[in-house]
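# Observations on the model geometry
If you want the building blocks of each chain, they are given just below.
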Amino acid sequence: MIIDCHTHLNNYQDEAVADLDGCVDRLVRDMRRYRVDAALVLTSYKVTPGRPSTRAVVEATRAHANLFVVAGLSATSFSPRELDEIRPGVEQGRIKGLKIYPGYEPFYPSDARLAPAMAFAREHRLPVMIHSGDTYTPKGKLKYAHPLHVDELAVDNPEVDFVICHIGNPWIRDTMEVLYKNANVYTDFSGLVLGDFEDRFESYMRRQVQEMLLYGVQPEKCLYGTDWPIASMQSYLDFMNELRMPPADRRLVMYQNAIRLFRLPIEAPVAGGSPFGRL
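Residues numbered from 1 in each chain as written. Predicted model: local features only at pLDDT ≥ 70, side-chain atom pairs only at ≥ 80, totals over all residues. Heavy atoms only, no water.

## Quick look at unusual backbone geometry
When glycine is set aside, most residues are seen to have a negative phi, and most peptide bonds are trans. Note the cis peptide between Asn-169 and Pro-170, where omega equals 15°. Position of Pro-170 among the secondary structure elements: in the loop between β6 (162–164) and α6 (172–181). In the segment running from Trp-228 into Pro-229, the intervening peptide bond is cis, with an omega of 5°. (Helix = DSSP H or I, 4+ residues; strand = E, 2+ residues; numbered from the N terminus.)

## Considering the pairing of strand β4 (residues 95–100)
The buried fraction of β4 is high, at six of six residues. By the bridge criterion, five bridges tie strand β3 (residues 67–73) to β4 in an arrangement that is parallel. Bridging across to β4, Val-69 finds its partner in Ile-95. Crossover handedness for the path β3 to helix α3 (residues 81–91) to β4: right-handed. (Buried < 20%, exposed > 50% of the residue type's maximum accessible area, 1.4 Å probe, protein only. Pairing = 2+ DSSP bridges. Right-handed = clockwise from strand over helix to strand, strands pointing away.)

## Describing the environment of Leu-223
In this fold, Leu-223 is placed in strand β8 (residues 222–223). Residue Leu-223 is classed as buried on the basis of its relative accessible area, which comes to 1%. Taking the C-alpha atoms as reference, Leu-223 lies 4.9 Å from Val-253; in sequence the two are 30 residues apart. Among all residues touching Leu-223, those that are not within four sequence positions of it are Cys-5, Val-163, Thr-187, Asp-188, Phe-189, Val-253, Asn-257, Ala-258, Leu-261 and Phe-262. (Contact = heavy atoms within 4.5 Å.)

## A few points about the side chain of Asn-10
Here Asn-10 lies in the loop between β1 (3–7) and α1 (20–33). Take Asn-10: its relative accessible area is 4%, and that puts it in the buried class. In this structure the side chain of Asn-10 is engaged in a polar contact, spanning 3.0 Å, whose partner is the side chain of Tyr-12. Residues within four places of Asn-10 in sequence aside, it is in contact with Cys-23, Ser-44, Gly-50, Arg-51, Pro-52 and Pro-229. (Polar contact = N/O pair within 3.5 Å; in protein donor to acceptor, adjacent residues only side chain to side chain.)

Right, dumping it as structure tokens:
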């Protein structure tokens, strides 16, 4: 089984053009092609024609029982009314988490403006995903996206689970420390590359992730994600296949941790007898 915990339905080709239905079709097609059983779709911190609202994504994915939504929030324009708007999706089981975007917006994860969102996450047992590390756009401000800033948020909100996205790349060792110190912090492997892995970078990144898994982070703390469509599903699966992990650890990373952390209504298969990607 494979669960991709980090995908998007944004039209990155042209944000001025709406293409939500087309993006859903392409996501479902790639999931079938690469035998991805379920995915979490993260909405953006802003709404444009090419970046649909959380409400629109919930409606567009409603017919797909294996697609779940993580609601993106803006810190700079946040209003508690946004929580009222997403509450029905949470109560219906369609929205499984929240996402904030420090670095893309100029705020630190512990910004007091988001305190109502943290209370909402605690009330509904929603993990909060946090952009960390490099930004897709050069206009991002990296000082806000350092994974060490998640430590303060985790300490002040011990009943909320947090996910450091992109393993905080390039600050992977700092991410390792935050995970080691805080029981309520996890990480995903998404967004390490644009498109496909190139050979040299793949070799370099494989060493970093392998070291993290062997020496620094328990596999129970790691989640498989791609950042599709920014990153290729096929290239990511090839990358994961090259990592040395015991089968039990691989199952944790590829789907068991996501089912547990996001409380997905998915029955995990019994291990044994099937090749990776077909469990």
